[in-house]
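# Survey of secondary and tertiary structure
Spelled out from the first residue to the last, the chains are:
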Amino acid sequence: MEELLNIVTVGHVDHGKSTVIGRLLADAGALPDGKLEAIRENCRRNSKPFEYAFLLDALKNEQAQGITIDTARCFFKTETRSYIIIDAPGHIEFLKNMVTGASRAEAALLVIDASHGVEENTRRHGYFLSVLGIRQVSVLINKMDLVNYSEQVYRDICTECRAFLEKINIHPESFIPVSGMEGDNIANPSVNMPWYTGQTVLAQMDSFKTVAPPEQLPLRLPIQGVYKFTGGGDSRRIIAGSLDAGTLRAGDKIVFYPSGKKTTVKTLEVFNAPTPDRFAAGQAAGFTMTEQIFVHRGEIACIESEKAPHVGVRLRANIFWLGRQSFSADRKYFLKCGTAKVEMHLEHIERIVNASNLSCQSRQYVEKNEAAECVLRLDRPIAFDLAGDMEQTSRFVIVDDYEIAGGGIITEALNEYDFNTRNIRWSGQSLSAEERTRLTGKKGLVVWMTGLSGSGKTTIAEEAERRLLAEGISAFILDGDKLRHGLCSDLGFSDADRAENIRRTAETAKLFRDAGTVAIVTLISPFRAARDSARKIVSGDFMETYVKASLESCISRDPKSLYKKALSGEIRSFTGIDSPYEAPENPDLVLDTENWNEEECVETLVGAIKARLAGK
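Residues numbered from 1 in each chain as written. Predicted model: local features only at pLDDT ≥ 70, side-chain atom pairs only at ≥ 80, totals over all residues. Heavy atoms only, no water.

## Some details on the overall build of the protein chain
- Counting secondary structure elements, the protein chain contains 15 helices and 28 strands.
- Across the protein chain, contacts joining residues at least 24 apart in sequence account for 72% of those joining residues at least 6 apart. (Helix = DSSP H or I, 4+ residues; strand = E, 2+ residues; numbered from the N terminus. Contact = heavy atoms within 4.5 Å.)

## Comments concerning the packing of helix α11 (residues 495-514) against helix α12 (residues 528-538)
- Their axes nearest at 9 Å, the elements α11 and α12 cross at an angle of 30 degrees. Considering their axes alone, α11 and α12 lie roughly parallel with respect to each other. Regarding α11 and α12, the two cross each other, and that crossing is right-handed. Counted together, Ile502, Arg503, Ala506, Glu507, Lys510 and Arg513 of α11 and Ala530, Ala534, Ile537 and Val538 of α12 form the full contact between these two elements. (Axes fitted to C-alpha atoms, helices over the stretch in contact; angles between N-to-C directions. Parallel < 35°, antiparallel > 145°, perpendicular 65-115°, else oblique. Left-handed = near helix turned anticlockwise from the far one by under 90°.)

## Side note on the pairing of strand β14 (residues 300-303)
- By the alternation rule, side chains of β14 split into Ile300 and Cys302 and Ala301 and Ile303, which are all buried.
- Direction of pairing for strand β7 (residues 221-228) relative to β14: antiparallel, over a ladder of two bridges. If you follow Leu221 over to β14, its bridge partner there is Ala301.
- Summarising the sheet, strand β10 (residues 253-257) and β14 pair through four bridges and their orientation is antiparallel. Looking across to β14, one finds that Ile254 is bridged to Ile303. (Buried < 20%, exposed > 50% of the residue type's maximum accessible area, 1.4 Å probe, protein only. Pairing = 2+ DSSP bridges.)

## Points about helix α9 (residues 457-470)
- Taking 1.5 Å of rise per residue, 14 residues should cover 20 Å, and α9 covers 20 Å from first to last C-alpha, within 8% of that figure.
- The set of residues buried in α9 consists of Lys457, Ile460, Ala461, Ala464, Glu465 and Leu468. An end-on view of α9 places all buried positions within 135 degrees of arc, on one side of the element. Within α9, the exposed residues directed more than 90 degrees away from the buried face are Arg466 and Ala470.
- Buried residues in α9 make contact with β24 (445-450), β25 (475-479), β26 (518-522), β27 (542-548), β28 (589-592) and α15 (598-613).
- Directly beyond the C-terminal end of α9, a positive phi value near 85 degrees is found at Gly472. (Expected span 1.5 Å × (residues − 1). Arc of directions from axis to C-beta.)

## Quick look at the sheet that holds strand β8 (residues 237-242)
- Taken in spatial order, the six strands line up as β7-β8-β13-β11-β10-β14 and close into a barrel, and their pairing is antiparallel. The average angle at which neighbouring strand axes cross in this sheet is 50 degrees, direction not considered.

## Overview of the side chain of Thr393
- Among the structural elements, Thr393 can be located in the loop between β21 (370-384) and β22 (395-400).
- With a relative accessible area of 1%, Thr393 lands in the buried category.
- Within the structure, Thr393 has its side chain in polar contact with the side chain of Asp385 (distance 2.4 Å).
- Residues in contact with Thr393, not counting those within four places in the same chain, are Arg220, Asp244, Ile300, Cys337, Phe384 and Asp385. (Polar contact = N/O pair within 3.5 Å; in protein donor to acceptor, adjacent residues only side chain to side chain.)

## A few points about the packing of aromatic side chains
- Taken as a whole and assessed by the stated rule, the structure comprises nine aromatic pairs.
- Here Phe476 and Phe512 contribute two aromatic rings whose centre-to-centre distance is 5.2 Å and whose plane-to-plane angle is 10 degrees, an arrangement assigned as stacked. Here Phe512 lies in helix α11 and Phe476 lies in strand β25, a separation of 36 residues in the sequence.
- Note on Tyr563 and Phe574: the rings are 5.1 Å apart at their centroids and 85 degrees apart in plane angle, and the pair reads as edge-to-face. A residue pair is termed long-range when its members are at least 10 positions apart, and Tyr563 in helix α14 (residues 562-567) and Phe574 in the loop between α14 and β28 qualify at eleven residues. Each of the two residues, Tyr563 as well as Phe574, counts as buried.
- Taken together, the aromatic side chains of Tyr154, Trp195 and Tyr196 make up a single cluster linked through ring pairs. (Phe/Tyr/Trp six-rings, centres within 6.5 Å; stacked < 30°, edge-to-face > 60°.)

## Quick look at the sheet that holds β28
- Ordered in space as β25-β26-β24-β27-β28, the five strands form an open sheet in which the pairing is parallel. Two strands close off the open sheet at either side, each with one partner strand: β25 and β28. Pairs of neighbouring strands in the sheet enclose a mean axial angle of 20 degrees, with direction left out of account.
- When β25 meets β26, the two strands line up parallel, connected through five bridges. By the bridge assignment for β26, Asp479 is matched with Thr522.

## Let's talk about the confidence of the model for the protein chain
- Averaged over every residue, the pLDDT of the protein chain is 82; residues scoring 70 or more account for 84%.
- Highest mean pLDDT in the protein chain belongs to strand β6 (residues 174-177) (96); lowest belongs to helix α3 (residues 60-65) (38).
- Note on residues 90-102: pLDDT under 50 across the span, and 46 contacts to partners over four residues away in sequence or across chains.
- Considering only residues more than four positions removed or in separate chains, one finds that residues 420-429, a stretch of pLDDT under 50, has 13 contacts. (pLDDT = per-residue confidence, 0-100.)

Right under this line is the structure:
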């Protein structure tokens, strides 16, 4: 198969990217017959100076304004390989187009005007190359004819540019002094710069390395649709999509991610054409299955024996933002990766990088034309790969209000579900709490708040619940009084009934915990043995919290007049009066409501819950 390399040219506006490419095509003999002469004649008729950039800037409004506003692609071949060269716009207004152009490149030419040096978009485009994972970069110092081919100017720009790029983990393979207009060091060595003995641009392009051909990579077939035919007795269900990578044959055992469902390819299907022996990367494909399992758009078909993608709902990613409104945690977005489109929100920004000077900022929103390293949370699992492993399924775009407002690459899978290390049976096997946590990214916890009536359990729990929910942490209160009116309405206050009340509450709290919710139990639960029993029922992720207050303080508060009734004999077996309370001996947390105010208690409780959820 013929080797193909995608190269993108980037740089500040007016630094001559289109001119360099146009001259490259002309000097390499890659132009159609008569193309160059036609452009020259067009310039002559319109009394305009000829520019090689006009070979690419085909749109009339581009030539009128003198700037590239869309991404132009051109194709040509050398003796070494074939190329797709992408001319990305340099003007700050058209960064979205630049990112689109660079998104599938394997190497880059960063063009700098020798008479202007490194400018704002030079740095910004360099950082975007880093964000997109493009590491093969050559810096072309253009318009050397405007600085009299000065070696000192060349070396000064090399020093400044190298220092900047190394900070973002880009180590240029070369710095080439060129003149796109005059042809110096484009396809042929320059006689005007005898002090430069390195490669020409064309030779440097031939020395770039190509990644493995997509068809040699593990299968990645994002599902676009499932089609069922019923006419003429046809009962086929055809799974359709385009192969991003790998090959597919009849008889292949495949797994769909993120569902993990397995089947075998029964037949390959094409429309109105002979059935092929296989499908390969870049081809549209259809196939039927031996087992008629339910799959849908957004899943990815993979070969069972090949490396599997990652599956999860929390991603660490490098993103660039181009939206009109800032990227922030208080808005909902959609993330599109392959054919999957899922609701997403920004969970946390680790750092924002000013692409012009690489200074870092610590705030929780990203403004237009900024790049950031952040954690994203999805509303359901998707399958994906990491940057550097699989280009096609590691990049994504972010949709805000029906517009593509940003994009980036996935650098790490967080709370990942590993299908390869678990024997999953997909017919009737329920998820464990651990599996559910891996799939949803949400961890549950039982907070068992014990203390005398009037100690402040419910008051503290209600405010803690509000704060947890406001931070995106699922929480729910299981209040003792409410449980007594519903789930435990048949129970009294004997020792046996108190024990059964706690057993039922513990079993309920465990279900909430398994569902990824913080279950806050507010129950007097006076006996140590019963609380120990509750801990055993929950079996992990249990935080006994003692809301401490003396009997005298609780009697003085008496918000429901219960102590008054108990002391007068209206209520029997009331804890603290005629039934004992056994304070915890080694609780996980103590909230002293006699010495702390409500705010201090709530902050302490919320902090302890978040620390426990984080595994601290």
